[in-house]
Structure formats: structure tokens, C-alpha cells
Amino acid sequence: MSSINVFARWRPLSQPEDKHGEIHRKTLSDCPPLLAVSVNPQASAEGRSWVSSPAFHAIFEPGDNNHTVYNDVVAPNIPKILQGENCSVFAYGHSGSGKTHTILGYDYDCQNSQKLGLCLAAAKQLFDALHGLNEKSEGEKLGIGLSLFELRNKSAFDLLNHRNQCHIREGPDGKVHIRGETEILEGGKVRVRPIVQRLCWTFESFQHELIQAISQRTTGSSTVHEQSSRTHAVFELEIISQSLIDARHALFDRQSELVPVGKRATDIRIEEESKGVIRTADGCWAPNPNSRIDQERIDVAEAEKAQYEALVTAAEQNIEAILEASAFPCLGVKMVFVDLAGAEFYDDNGSRPQTVRQTPQERQEGRQINTDLLALKQVMGAWAEGQKRIPFRSSTLTMALREHFMSAGKGNSTIIVTISPATEQYKATLNSLKYASLVGAARV
């Protein structure tokens, strides 16, 4: 069984918000070790408070910086990563509540770990740990592979490849794969590569690649934030070695070689089997008494296909052998950070506050964002409860994250809900807290 570790983070009031007042809030510790939160739009209002279920591992106040959040939320997972366990961190909240600041920070190029967002701070700590492992090892060195894509509406875009569209597909192995561009090579070979992964051997190179990539993110207007992230951004950090990368490239080559051979075998089978039937005068199909299927031709083509399939299988087995033989249990382990798009807020009668004028396209994006976030909540609940059927197909977001959920161990998935203390944002904050409370309550 698994569980989602849930945290809440109050952001500071902005200067314009200060004059409108602050939400009255309390942190309750009636059911340790989990915390609950009570909120009220006004301190003087009696009997109108909303109280969450005990769901939060910690609640961070406006004065707590990213370094404090990192030490409590992410740092405990770094030893798990080095021991071979995958980990994921989600930031959820309405627009302007501080999700991107939490995941990335704003001083992307600084070297001061006190100011880094969670993703960069984790990369820095991982590189420090890998440096220690590399110094003790006489064999191959470890680094970090960075992949970064965003999901907008029902499409995915590779931010490390000029925002080229990529595709989310479920393969014959039952796993979800995120594919990049399709290349047509000489001799009819077809290579379908995964999304781009930048190989980084130092924190400085990782930081540079990340800064270049996030400049490609899509922003737009929302109800409370004129430059809100209108996409879900997925940052994937994988511990890699050169031999692992080379083995994967070899697999891509074997797969591309199989494509024309497999197509030829299929074409030959269809061509030969088509000889066995004939169209009658009434438009129906009947056995052709004058035909003879060349089974030998089919068998030769199928035998050639089987040879190339065996090469693909051998390449896959080589990758598994590299992972199993590694002296480092962390090789191939992934740490994923997800900066979710800002949740759209609707009031009690279903209408939407229009503090910012939006186009029909932006309104459609808002509805899709809410659909994705609802699907994510359902997946998190089903996953935490150990249900046999987890509704990953409910949205593109949950499809893309399926493998991360399936490979994460107990307690290795975390959601940070960022919330605003501004009175004018009370309903949006309440909506975020209710979301987090439901996710946090789904534990066994």
C-alpha cells in the first residue's frame, strides 16, 4: 500500500492585498502526527469556519522560505533516491499562490542553495551525493539526465526540443511512453525517439539546461494572475551513466531496423493470403479455387522478422543487465517534479469571477485544467488506497504520470498545496485546502 505525503504552504500577502485583510487561520494538531487547518474569511465571523480533516504532514507559514520547505519536504527523500527508490513531488494551487516559486524559485541562476526552488535544490544535493559516489568508484561515473515537457490541453510539448510536440502512447508492454519526433532513415528505417534528455555531469550544466528550457513555458491570463502558468510542467531527473545511455541508443537503432523488416513481413503475409479469396458477382468474398498461397515466402519473411525482433529483445536485456550489475542501486532512478497549472476557481453558483478578461480559448483551457486536476485527485486516491483499477486514462496528465505512480514506493509521492492568505482569495484558498484534505485523507 502507498500514501501521499501532503503539505500546505501559505504565501506572503502582496502589498495590494494587505489593505483588504487576511484570512483568519489556525493549525490544529488534535490527531498527531497529522495536522488539520481551520480557516475563516474574517476573524470576527462566528460559526463560519471550515476545518479540514487531519491530512497535512506540515503547514508552512508565509515567513518560511524555499530552503525550509525543501529541508522538510524533499531532503528526506534524497537517501531513498540513492537507495534505488523513485520519488515524485507535485505543486497544486490556484493561480498566483506560489507553485512555480516553490518548484523553481525565481533566482534560477543563483548559487545560493537558500534561494533555490525545490527542483534545483534537489539537483544540487544529488550532484553533491553523486560526486562522493564517483570519487569512491573506479568504474563508470554517474550524472543526471534532465527531461522537461509541458502538457497543454491534451497535447504534450518537449521544452528541451524547441517545444516540439510529443506524443503519449501506451505501448505493447503495457507501459506509457512519451515519444518525440519520428525520423525516416535510409532504407526505410523509422526511428521513434523518446523526448530529449540532456545529460548533465555537473550542477552548473544542469542549471543552464533548466533555465534555457523553462523560458519555453506557456503563460496566459487567469482569474487572479495575468502571467499564470497555463500548462502542467513535468521535470524529470534520472540518475544515469554513459553505458546506460549508450545501451538505450543501441535499442533505438535495433527498433528502427525492425520497422521495415516487420512491415515487409506483414505486407507479404497480406499479399499471399489475399490470393486465397475472390470477389463474387454479388459482391461477396469466397475461396479462390485457382490460387495457391506461397507459404514458403511468408515463412522466410517471418523468419527474418524474428531475427530482428531477437536483436531488439537482446538490446532490452542488455539495458536490464546494466541496471542489475551496477554497483549503484540508484542508477536509472527518477525524481519527478510537477508544477501543475493554476486551478481555475468557480463560485457557488457556477460562475467565474472575471478580474481578468479571457478569450474563449483561455476559458476552454481553464476547463481542461480543472478536468486534469480532478483526474489527478482521483488517481491519487485510488493509488493510495491500493485499488486494483486506477483511472489513469481519465486525462492526458494522469496518463503521462502513470509510470511515476507505478514505480514510486510507499511515502515517496508528495503534494504541496500552495495557498493565499488574502481575504479576497478565500474561496479559491478554501477550494485548494479541500482538494488537499481529500488527497491526504486517502491513506492506508
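Model, not experiment: these values are computed from the prediction.

1. Some thoughts on unusual backbone geometry
No. 1: Cis geometry is found at the peptide bond from P32 to P33, where omega equals 10°.
No. 2: Among the secondary structure elements, P33 is positioned in the loop between β2 (24-31) and β3 (34-40).
No. 3: A positive phi is found at N153, a non-glycine position, where the angle reads about 55°.
No. 4: According to the relative accessible area criterion, N153 is partly exposed, its value standing at 31%.
No. 5: We note that R163 has phi near 60°; this positive angle belongs to a residue other than glycine.
No. 6: Given the relative accessible area of 23%, R163 is considered partly exposed.

2. Looking at the pairing of strand β1 (residues 4-10)
No. 1: Of all seven residues making up β1, seven are buried, and the element is well covered by its neighbours.
No. 2: Alternating residues of β1 divide into I4, V6, A8 and W10 and N5, F7 and R9, and every residue in both groups is buried.
No. 3: Pairing geometry for β1 and strand β5 (residues 58-60), over three bridges, is parallel. The partner of A8 across the bridge, within β5, is I59.

3. Description of the nonpolar core
No. 1: Grouped together as the largest cluster of nonpolar side chains are 57 residues, with contacts concentrated most on V74, F206, L210, F235, L237, M335 and F337.
No. 2: The biggest single contributor to this core is helix α5 (residues 118-136), with nine residues.
No. 3: Split by domain, the residues of this core number at least three in each of domain 1 (5-241 + 328-441) and domain 2 (250-322).
No. 4: Not counting chain neighbours up to four residues away, the residues in contact with F206 comprise L120, A123, F127, I144, L146, C200 and L237.
No. 5: Counting 51 residues, the second-largest nonpolar core is a separate cluster that includes V37, F90, Y92 and L397.

Thresholds, definitions, all that
Residues numbered from 1 in each chain as written. Predicted model: local features only at pLDDT ≥ 70, side-chain atom pairs only at ≥ 80, totals over all residues. Heavy atoms only, no water. Helix = DSSP H or I, 4+ residues; strand = E, 2+ residues; numbered from the N terminus. Buried < 20%, exposed > 50% of the residue type's maximum accessible area, 1.4 Å probe, protein only. Pairing = 2+ DSSP bridges. Core = buried A, V, L, I, M, F, W, Y, C linked by side-chain atoms within 4.5 Å. Domains from an automatic or database assignment. Contact = heavy atoms within 4.5 Å.

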